[in-house]
Amino acid sequence: MCGRYQRRADKQRIAEAFQLGNVDGLALEFVPDYNAAPQSMQPVIVWDKQFGTRSLYMMFWRFLPPYVTDPKKFKLDTINAKGETLLDGNTWRYAFLHYRCLVPVDSFIEWKRIDPKTKLPWMFAMKDDELFALAGVYRRWRSPDRKSEMDTFAIITTEPNELLAEKTGHDRMPVIIKRSDYQRWLEPETWNSLPSI
Amino acid sequence: MEQPPIDLIRPFDSDKMKAWRVDRRINNVKINEPSLDQPIQDDAPIPEKPKRVEKPQRKTKSENSGQLGMFG
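Parameters at a glance
Residues numbered from 1 in each chain as written. Chains lettered and ligands numbered in written order. Predicted model: local features only at pLDDT ≥ 70, side-chain atom pairs only at ≥ 80, totals over all residues. Helix = DSSP H or I, 4+ residues; strand = E, 2+ residues; numbered from the N terminus. Buried ≥ 20, exposed ≤ 12 C-beta atoms within 10 Å, placed from the backbone. Rg over C-alpha atoms; globule rule 2.2 N^0.38 Å. Pairing = 2+ DSSP bridges. Axes fitted to C-alpha atoms, helices over the stretch in contact; angles between N-to-C directions. Core = buried A, V, L, I, M, F, W, Y, C linked by C-beta atoms within 7 Å. Contact = placed C-beta atoms within 7 Å. Nonpolar A, V, L, I, M, F, W, Y, C, P; charged D, E, K, R; others polar. Arc of directions from axis to C-beta.

Colleague: Account for the overall build of chain B, naming residues and giving values.
Modeller: Counting its regular elements, chain B contains zero helices and one strand. A burial count over chain B gives 7% of its 72 residues as buried.

Dropping the structure here:
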């Protein structure tokens, strides 16, 4: 599970790290978030097919599938999507195939359980202190009457690496996408254009 | 048919990452400040949770000092 992260970077630093180009005219405004929690609006990066560029959007951190009619009554925990089962079932499959995103973070937090009532937070970051990207999926949710809509996302998780398992004993960690894989993750069509081996 | 990049869903290289324990104040989503990422020692004692302060009970009418209320 990944239920908390830090994003100290501002719009300009994100733009440089993810090669978003000029963001001066971008109407989005957000401040660094030292305790980014589920059910808050967060900046995420998507592939804009129309312009062929990476774009920054504010999205709600709790994935709402289109079949949800009332978010308040939707009880499924969808802040994370389990990587191993993304292609199973209706909730994630379409988003994984067509709507993948990158979540820019400086660090994320996982908890070590000491006893049933006590969990100690551990922070994980890159050794070079660079901004990095968590893998996500997103969908636009619309109310049944079409009067309101909202872009929503989830962070994908996988089994833990040695560091996270050693420090926390936790059995999941967020998927981190390497810089060299950003485009392949964001743009579904690039797979088709790769030469067959 | 479009092939999703399922091979990218894997644990990240531990050698490129670092980890440190932080204060439990980060559990509170209402706290949002730069100092939340300050490291604390791995074996630092676990602070006790602050005890809930009991609210003083309101006096019932009969416990009042005998003065009549303005509205009876």
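Colleague: Can you explain the overall build of chain A? Please cite residues and give values.
Modeller: A count of helical and extended segments in chain A gives five helices and twelve strands. Relative to a compact globule of 197 residues, whose C-alpha radius of gyration would be 16 Å, chain A shows 17 Å and is just as compact. Dimensions of chain A, computed from C-alpha atoms along their principal axes, come out at roughly 50 × 45 × 40 Å. Within chain A, the fraction of its 197 residues that count as buried is 38%.

Colleague: Can you explain the sheet that holds strand 7 (residues 107–115) of chain A? Please cite residues and give values.
Modeller: Read across the sheet, five strands follow the order 2(A)-1(A)-7(A)-8(A)-1(B) without closing on themselves; strand pairing throughout is antiparallel. Among the strands making up the open sheet, the edge pair consists of strand 2 (33–36) of chain A together with strand 1 (17–21) of chain B. Between one strand axis and the next, the sheet turns by 25 degrees as a mean value, whatever way the strands run. In this sheet, strand 8 (residues 118–126) of chain A lies alongside strand 7 of chain A in antiparallel orientation, the contact comprising seven bridges. Across the sheet, A:Ile109 pairs through a bridge with A:Met123, a residue of strand 8 of chain A.

Colleague: Kindly report on the nonpolar core, identifying the contributing residues and their values.
Modeller: One finds A:Val44, A:Cys101, A:Leu102, A:Val137 and A:Phe153 to be the most contacted residues of the largest nonpolar core, which totals 57 residues. Considering each element in turn, this core owes the most residues, seven residues, to strand 9 (residues 132–142) of chain A.

Colleague: Let's hear about the interface of chain B and chain A: which residues, and what values?
Modeller: In this assembly, 28 residues from chain B lie in contact with 40 residues from chain A. A class-by-class count of the residues in the side of chain B that touches chain A yields 16 nonpolar, four polar and eight charged. Sheet analysis places strand 8 of chain A next to strand 1 of chain B, joined by five bridges and oriented antiparallel. Each bridged residue has a counterpart across the sheet, and for A:Ala125 the counterpart in strand 1 of chain B is B:Lys18.

Colleague: Give a detailed account of the environment of B:Ile31, specifying residues and quantitative values.
Modeller: Within the secondary structure, B:Ile31 sits in the segment after strand 1. Given 13 C-beta atoms within a 10 Å radius, B:Ile31 is considered partly exposed. Distance in space between the C-alpha atoms of B:Ile31 and B:Asp15 is 31 Å, their sequence separation being 16 residues. Discounting residues that sit within four places of it in the chain, B:Ile31 has contacts with A:Asn35, B:Arg25 and B:Leu36.

Colleague: Explain helix 2 (residues 89–98) of chain A to me, using residue names and the numbers behind them.
Modeller: All names here are of chain A. Of all the positions in helix 2, only Thr 91, Trp 92, Ala 95 and Phe 96 are classed as buried. Take helix 2 and look down its axis: the buried residues cluster within an arc of 100 degrees, on one side only. The outward face of helix 2, more than 90 degrees from its buried face, is lined by the exposed residues Gly 89 and Asn 90. Looking at the buried residues of helix 2, the elements they touch are strand 5 (80–82), strand 6 (100–105) and strand 9.

Colleague: Quick one: what's the story with the pairing of strand 7 of chain A, residue by residue and with numbers?
Modeller: Residue and element names in this part refer to chain A. Strand direction decides the pairing type here: strand 1 (residues 5–7) and strand 7, joined by two bridges, are antiparallel. Opposite Tyr 5, over in strand 7, you have Phe 108 as the bridge partner. Taking the residues that link successive antiparallel strands as the turn, the strand 7-strand 8 hairpin has two residues.

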